[in-house]
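Summary of structural features
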Amino acid sequence: MKQILKNLLFIVMLPTMVVAKYQMVHNDAEFDRLLNQYQFSLVCFAPSSGEEKEDFVNLKNRMIAASKRDDFKLLRKDIGFLMVDSSSKKLQDLSKEYKIFKFPSCIVFQDGKMIGSSTMHPQTTSDIIKFLDTNIGNQLDDLVADRKKDERLNREERIASYYQYATSPWVNPPYPWMPYGCYPYSRWGVYPYGLGWNYDC
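Just so you know, the residues in each chain are numbered from 1, in the order the chain's sequence is written. Per-residue local features are limited, in this predicted model, to residues with pLDDT of at least 70; the limit for side-chain atom pairs, both in listing and counting, is 80 or more; totals at the level of whole chains, interfaces and linings are taken over all residues. Neither water nor hydrogens contribute to the side-chain values; these are computed over all heavy atoms in the structure.

The next thing to look at is the sheet that holds strand β1 (residues 21-25). Taken together, 5 strands build an open sheet; the order of strands is β1-β3-β2-β4-β5 and the sheet is mixed. The two strands at the open ends of the sheet, each matched to only one other strand, are β1 and β5 (113-114). The sheet contact formed by β1 and strand β3 (residues 79-85) spans 5 bridges and is parallel. Within β3, the position partnered with Lys21 by the bridge is Gly80. Residues count as neighbours in contact if any of their non-hydrogen atoms are within 4.5 Å of one another. Fitting a line to C-alpha atoms yields each axis, with helices limited to the stretch in contact; the angle taken between N-to-C directions then spans 0 to 180 degrees. The way it works is that DSSP assigns letters per residue, a run of H or I at least four long becomes a helix, a run of E at least two long becomes a strand, and they are numbered from the N terminus. Sheet strands in contact with helix α2 (residues 28-37) are β1, β2 (40-46), β3 and β4 (105-110), and its direction is about 160 degrees off that of β1. Lying over the sheet, helix α3 (residues 53-67) contacts β1, β2, β3 and β4, oriented at roughly 175 degrees with respect to β3. Strands were regarded as paired on the criterion that DSSP finds at least two bridges between them.

Residue types Ala, Val, Leu, Ile, Met, Phe, Trp, Tyr and Cys, when buried and joined through side-chain atoms within 4.5 Å, form a set referred to as a nonpolar core. The classification of residues rests on relative accessible area computed with a 1.4 Å probe and restricted to protein chains. Under 20% of the type maximum is buried, over 50% is exposed, and intermediate values are partly exposed. Counting 26 residues, the largest nonpolar core has Leu42, Phe81 and Leu132 as its most contacted members. Taken together, the elements giving at least two residues each to this core come down to β2, α3, β3, β4 and α6 (125-166). By residue number, the principal contributor to this core is α6, which donates 8 residues. Residues within four places of Leu132 in sequence aside, it is in contact with Leu42, Phe72, Ile79, Phe81, Val108 and Gly137. The next biggest cluster of nonpolar side chains, apart from the first, holds 15 residues, and it includes Tyr38, Leu82, Ile107 and Phe109.

Let us look at unusual backbone geometry. With an omega of -5 degrees, the peptide bond between Phe103 and Pro104 qualifies as cis. Here Pro104 shows up in the loop between α5 (92-97) and β4. Its identity as a non-glycine residue notwithstanding, Lys99 has a phi of 55 degrees, on the positive side. Checked against the element boundaries, Lys99 lands in the loop between α5 and β4. On the basis of relative accessible area, Lys99 is assigned to the exposed category, the value being 64%. Even without glycine at this site, Asp111 takes up a positive phi of about 55 degrees. Take Asp111: it is sitting in the loop between β4 and β5.

In plain terms, two cysteine sulfur atoms within 2.5 Å form what is called a disulfide here. Tallied over the entire structure, the rule returns 1 disulfide. Disulfide pairing is shown between Cys44 and Cys106; the S-S distance is 2.0 Å. For the disulfide bridge between Cys44 and Cys106, the dihedral angle about the S-S bond is near 110 degrees, and by the sign convention the bridge is right-handed. One end of the pair, Cys44, is in strand β2; the other, Cys106, is in strand β4, with 62 residues separating them in the sequence. For the pair Cys44 and Cys106, a shared accessibility class is recorded, and that class is buried.

Right, dumping it as structure tokens:
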């Protein structure tokens, strides 16, 4: 019984490995959908062909690295990291619409609208983090606090639910021929070996 509770608590307490979402934009419709999906978006423009191809790859890697930072793990549903290939015929108009003339460049959106008119030309992952902190640092801090509170409450609910399951009659039946607290992984519950298999928890 104690071992089951320990195992369940261990699973519940595992840190989330899901990170903020990095996505490559393929067309205008997808761009609009993603902007409306996230409360905040970092959108970076760079051409994937020609002499600036290396800049595109480097920027992509920097954005992915930024999205994996602990700061954004809790905000995976709130902030998106969107990459726009400015050399794509389907996306060239976006660069003109937001007056992006130097590549690579990034801008920040909130609720689908561009914040201010400033752009940045990131050279490192730290540049991206600083740019986000300058534009939406306070809002992100508030969101992180809210998400930590939500995660703590959800974790407490899961712990209570798993504890209720582990102490229920189905897991801990009052039968002497079943290992204590091991159902359905018991001699009775292991198909097709049934009662004859010498299995223990």
